[in-house]
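What follows is each chain in one-letter form.
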Amino acid sequence: MKQKKSVVVSALEKELIKKLKNSKSKDSAFRELVNQSKKNLYFQIRRLLLDHEDTNDILQNVYIKIYRSIQKFKEESKLSTWMYRIAYNESINFLKSKEKKYLFSSDVMYNTMINNLREDPYFDGDELDIKLQAIIAKLPPKQKVVFQMKYYDDLKFKEISEILGTSVGALKTSYHLAKNKIKKEISDNQTF
Amino acid sequence: MRSSSSFKVPNKYFKNFDVEILEKIKLNKNIFNVPENYFESISTERIIEKEKSKTFYKNLFITSSITLVLIILLVFNNFGEKEFVDETFLVNDILEENYDYIGENLYINQYSKNYTYQNYDNQIIMSNLDNDFDYIIIE
């Protein structure tokens with residue numbers, strides 16, 4: 001018999017989950033949840049999609065999914081982990097559907113996305129940052145996501161493992177490969 | 001003083017440590033901006049309303065579909081063959097003079113395509129029967 005995972009969550013989170021699952025308090029609890037999480041989720045999605053408008057669309061979809069599915073949340077992970085997973089899946093699905101428009105050429109798609117960054121009014125980086133984003137964008141999907149979650153979001157491997165459904169060992173390998181690739185590209189471009 | 005060499009570190013940990021830190025600082029610089037008041041404008045009301053109206057329309061669709069199916073079943077039931085006396089059986093019975101319907105209630109399917117019925121004071125006239133008979137009067 002599969003043992004139910006036990007996750008240590010704060011009393012506040014437990015209370016919030018209880019309110020979210022109660023039809024009477026769901027709406028007010030949902031507002032609280034959105035206020036707490038919107039920035040983190042936004043930037044998690046934005047780092048994958050790069051563009052603000054796309055990020056806004058996906059963020060809305062993520063919250064709709066959360067609102068719809070909260071009854072099904074089994075509490076086997078933290079609420080934030082579960083939400084991250086939804087955000088990650090939505091972002092990856094969006095990128096896959098976008099890739100179809102580029103006739104499945106991810107290189108062309110990412111090159112276009114990186115070029116668009118130069119014109120993006122909501123991108124506050126220089127040419128160096130653009131090059132860095134280009135390097136990260138071209139990493140294999142798993143390496144890219146692990147790198148971003150570890151470096152930008154400071155998540156532990158265990159948390160990333162719960163989000164992505166991949167073993168900690170595999171994640172560490174992906175992360176190590178991603179870091180080395182980035183370092184090599186950076187030093188080849190003499191950016192530091 | 002206790003020697004720090006009692007603690008072990010991974011191989012080459014301190015090599016390029018300063019570069020790694022600088023890299024981390026650079027990488028952590030937030031290069032993604034958002035429109036002014038973007039986060040304040042994220043409205044949960046729209047999401048909740050959208051979901052509630054979706055649920056409303058979904059329920060409306062289900063209720064309407066069930067109602068429509070029930071109406072269709074009811075109509076077919078009303079227009080369907082009732083458990084009346086089958087006209088072929090009735091005609092054959094009359095022809096063979098095996099019937100005795102006097103004094104009994106006789107129900108005939110009035111919607112039969114093959115026959116027309118006229119009821120005159122307990123006389124039922126069936127016409128357009130088969131080729132050999134124009135009509136039969138049942139008294």
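Residues numbered from 1 in each chain as written. Chains lettered and ligands numbered in written order. Predicted model: local features only at pLDDT ≥ 70, side-chain atom pairs only at ≥ 80, totals over all residues.

A. Broad picture of the overall build of chain B. When helices and strands are tallied, chain B shows 4 helices and 3 strands. Listing the helices and strands of chain B from first to last along the sequence gives α-α-α-α-β-β-β. For chain B, buried positions account for 4% of its 139 residues. Across chain B, contacts joining residues at least 24 apart in sequence account for 31% of those joining residues at least 6 apart. (Helix = DSSP H or I, 4+ residues; strand = E, 2+ residues; numbered from the N terminus. Buried ≥ 20, exposed ≤ 12 C-beta atoms within 10 Å, placed from the backbone. Contact = placed C-beta atoms within 7 Å.)

B. Looking closely at the overall build of chain A. Counting its secondary structure elements, chain A contains 9 helices and 0 strands. Across chain A, helices and strands are ordered from the amino to the carboxyl terminus as α-α-α-α-α-α-α-α-α. Taking the intrachain contacts of chain A between residues at least 6 apart in sequence as the baseline, contacts between residues at least 24 apart amount to 60%.

C. Structural detail: unusual backbone geometry. Residues and elements named next belong to chain A. The phi dihedral of leucine 50 is positive, around 70°, even though this residue is not glycine. Position of leucine 50 relative to the elements: it lies in the loop between α2 (26-49) and α3 (52-69). In this structure, aspartate 154 takes a positive phi of about 55° despite not being glycine. Within the secondary structure layout, aspartate 154 lies in the loop between α7 (141-151) and α8 (157-164).

D. Here's a closer look at helix α6 (residues 127-137) of chain A. Residues and elements named next belong to chain A. Along α6, the positions that sit buried rather than exposed are Leu132, Gln133, Ile135 and Ile136. For α6, the arc enclosing every buried residue in end-on projection is 155°, short of the 170-degree limit, so these residues lie on one face. Contacts made by the buried residues of α6 are with α5 (106-119), α7 and α9 (168-188). (Arc of directions from axis to C-beta.)

E. Up close: the confidence of the model for chain A. Considering every residue of chain A, the mean pLDDT works out to 86; 94% of them sit at 70 or more. Considering each helix and strand of chain A separately, the mean pLDDT is smallest for α5 of chain A, with a value of 83, and largest for α3 of chain A, with 92. (pLDDT = per-residue confidence, 0-100.)

F. Representation of α7 of chain A in the model. Among the residues making up α7 of chain A, those that are buried are Gln143, Val145, Val146, Phe147, Gln148, Met149 and Lys150 of chain A. Each element contacted by the buried residues of α7 of chain A is listed here: α2, α4 (79-101), α6, α8 and α9 of chain A.

G. Representation of the packing of helix α1 (residues 11-20) of chain A against α2 of chain A within the structure. Residue and element names in this part refer to chain A. Running from N to C, α1 and α2 point in directions that differ by 135°, and their axes come no closer than 7 Å. As judged from the angle between their axes, α1 and α2 are oblique. Each of Leu16, Lys19 and Leu20 in α1 lies in contact with α2, whose residues at this interface are Lys26, Ala29, Phe30, Glu32 and Leu33. Its residues assigned to classes, the contact of α1 with α2 shows 5 nonpolar, no polar and 3 charged. (Axes fitted to C-alpha atoms, helices over the stretch in contact; angles between N-to-C directions. Parallel < 35°, antiparallel > 145°, perpendicular 65-115°, else oblique. Nonpolar A, V, L, I, M, F, W, Y, C, P; charged D, E, K, R; others polar.)

H. Layout of the interface of chain B and chain A. Counting from both sides, the interface comprises 17 residues of chain B and, opposite them, 22 residues of chain A. A per-class count over the side of chain B that touches chain A returns 11 nonpolar, 3 polar and 3 charged.

I. Broad picture of the environment of threonine 55 of chain A. Mapped onto the elements of the fold, threonine 55 of chain A is located in helix α3. Contacts of threonine 55 of chain A, omitting those with residues within four sequence positions, involve Tyr42, Ile45, Arg46 and Leu49 of chain A.

J. Local environment of the packing of α4 of chain A against α8 of chain A. Residues and elements named next belong to chain A. At a minimum axis separation of 8 Å, α4 and α8 run at an interaxial angle of 55°. Between α4 and α8, the angle is such that the two are oblique. Between α4 and α8 lies a crossing whose hand is right-handed. Every residue of α8 that contacts α4 at Thr81, Tyr84, Arg85 and Tyr88 is listed here: Glu159, Glu162, Ile163 and Leu164. Tallied by class, the residues present in the contact of α4 with α8 amount to 4 nonpolar, 1 polar and 3 charged. (Left-handed = near helix turned anticlockwise from the far one by under 90°.)

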